[in-house]
Amino acid sequence: MTTMRAVVIREPGGVEVLELREVPAPEPGPGELLIKVAATALNRADLLQRRGQYPAPPDAPQEIPGLEYSGVVEAKGRGCALFEVGDRVMGIVGGGAYAEYLTVHERCALKVPRRLELAEAAALPEAFLTAFDALFLQGDLRVGERVLIHAVGSGVGTAAIQLVRRAGALSLGTARSEEKLQRAQRLGLDVPILVEGSKFADRVKAATGKAGADLVLDLVGGGYLEENLKALALRGRQVLVGLTAGATAQLPMGLLLNKRITLKGTVLRSRPLEEKIAVTRAFAHYAGEALESGALIPVIDQVLPIASVREAHSLMERNANFGKLVLTW
């Protein structure tokens, strides 16, 4: 049996349950690529999975976290035609990216832009695919609209700033740190908003001539819901992507009715393969040239060796990072 190294969750718990072990290596099935992983990047879902609060989908490794990867095609399963052995690829998976090898459906893989190193490319897929899907496919973003992005210092937040700017829309972004807001402005954030005590609606109204935001990209959840509804314009839309501040909130239904607001939740990880393929191919068509030219860039806080996975998890738990934390083999 061929083996590989992987970071394994020994049992639910703190960073100490993450262990580097030898495990069986996967084999590519029909339509699948075997990827020799060069790097992966952290996501909030990894922390939740480690704690036992967010299990992987049934078709993904349950004990090996990791939602995105970059690497090189090592082998191809029967019927693969999009890539060749040796091609540099990146993408998202339901789990298992904290490993030396993984298998992916070839239509869920993206070509790594020539200008990027593999460690840089690992910071791109989850952030940009999530932001692209939430803004355009779920949120129906249009030219000239005003978009409120929460947690602009996160991977998805930094990707959303760039996508909103490219779409010809106005970006308003929240964070709890002036430093993160300043760095976000260098990425193109139009209106920085420092959140204190979970209040931000008045700032949004002031910055938009009392009109409010047309779209809210909420990566926080919890108590932000009421402020989001106050900050939204007539017929505004909210797309909920993350729940870092909690999974429950009071819903002011009067605001919802009077403003004719649309609330939508979205998650990529548990979607059927066909939907993941559709999002991946739509993003490749929309952003391929921009990625090659450097008009869209991954934002990286630190690149660490895979042996420092516990340190990386601790950094993310402290909200100490701006952009992505990357782990390399």
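Higher on the page you've got the structure.
Note that the structure is a prediction, hence the values are computed from the model and not measured.

Looking at the pairing of strand β3 (residues 32-41)
Consideration 1: Counting buried residues in β3 gives seven out of ten residues, a clear majority hidden from the surface.
Consideration 2: Relative to strand β6 (residues 101-105), β3 runs antiparallel, the two being bridged by five bridges. Paired with lysine 36 across the strands is tyrosine 101, a residue of β6.
Consideration 3: Judged from the seven bridges that link them, β3 and strand β4 (residues 68-76) form a sheet pairing that is antiparallel. Bridge pairing links isoleucine 35 to valine 73 in β4.

Quick notes on helix α3 (residues 125-138)
Consideration 1: Among the 14 residues that make up α3, twelve are buried, leaving the element largely enclosed by the rest of the structure.
Consideration 2: Listed as buried for α3 are Pro125, Glu126, Ala127, Phe128, Leu129, Thr130, Ala131, Phe132, Asp133, Ala134, Leu135 and Phe136.
Consideration 3: Once α3 finishes, aspartate 140 follows within two positions and takes phi at roughly 55 degrees, a positive value.

Things to note about the pattern of salt bridges
Consideration 1: All chains considered together, the criterion is met by 18 salt bridges.
Consideration 2: A salt bridge links glutamate 19 to arginine 10; its shortest N-O distance comes to 2.6 Å.
Consideration 3: Measuring nitrogen to oxygen at the nearest pair gives 2.5 Å for the salt bridge that ties arginine 50 to glutamate 317. Linking arginine 50 in helix α1 (residues 44-50) with glutamate 317 in helix α10 (residues 309-317), this pair joins segments that are 267 residues apart in sequence.
Consideration 4: With relative accessibility at 2%, the residue arginine 50 sits in the buried group.
Consideration 5: The structure contains a network of salt bridges with shared partners spanning Arg10, Glu11, Glu19 and Arg21.

As for the environment of alanine 184
Consideration 1: Counting through the fold element by element, alanine 184 comes out in helix α5 (residues 178-187).
Consideration 2: On the accessibility criterion, alanine 184 (0% relative accessible area) is buried.
Consideration 3: Once the C-alpha coordinates of alanine 184 and leucine 325 are considered, the two residues, 141 residues apart in sequence, prove to be 17 Å apart.
Consideration 4: Leaving out residues up to four positions away in the same chain, alanine 184 has contacts with Val152, Ile161, Leu189 and Phe322.

Some words on the packing of aromatic side chains
Consideration 1: Under the criterion given, the structure shown has six aromatic pairs.
Consideration 2: Here phenylalanine 132 and phenylalanine 136 contribute two aromatic rings whose centre-to-centre distance is 5.5 Å and whose plane-to-plane angle is 40 degrees, an arrangement assigned as tilted. Pair noted here: phenylalanine 132 and phenylalanine 136 are both in helix α3, with a separation of four residues, about one helical turn.
Consideration 3: Relative to tyrosine 286, the ring of phenylalanine 136 has its centre 5.1 Å away and its plane inclined at 45 degrees; by these criteria the two rings are tilted. Residue phenylalanine 136 is found in helix α3, and its partner tyrosine 286 is found in helix α9 (residues 273-293); the two are separated by 150 residues along the sequence.
Consideration 4: Look at phenylalanine 136 and you get buried, because its relative accessible area is 17%.
Consideration 5: Residue classification places tyrosine 286 among the partly exposed residues on the basis of a relative accessible area of 27%.
Consideration 6: Among the aromatic side chains, those forming a connected cluster through ring pairs are Phe128, Phe132, Phe136, Phe283 and Tyr286.

What counts, and where the lines are drawn
- Along each chain, the written sequence defines residue order, and numbers are assigned to residues from 1.
- Only residues with pLDDT of 70 or above have their local features reported here, since the model is predicted, and side-chain atom pairs are shown and tallied only from 80 upward, although totals for entire chains, interfaces and linings are computed over all residues.
- With hydrogens and water set aside, each side-chain value is computed from the structure's full complement of heavy atoms.
- For every residue, the accessible area obtained with a 1.4 Å probe (protein chains only) is divided by the maximum for its type, and the residue is called buried under 20%, exposed over 50%, and partly exposed between those limits.
- Put simply, DSSP marks the helices as runs of H or I at least four residues long and the strands as runs of E at least two long, and each gets a number from the N terminus on.
- Each pair of strands is called paired provided DSSP finds at least two bridges between the two strands.
- Put simply, a salt bridge is a Lys or Arg side-chain nitrogen that is within 4 Å of an Asp or Glu carboxyl oxygen.
- Should any heavy atoms of two residues lie within 4.5 Å, those residues are considered in contact.
- Pairing of aromatic side chains here covers Phe, Tyr and the six-membered ring of Trp, requires ring centres within 6.5 Å, and sorts the geometry by plane angle: under 30 degrees stacked, over 60 edge-to-face, intermediate tilted.

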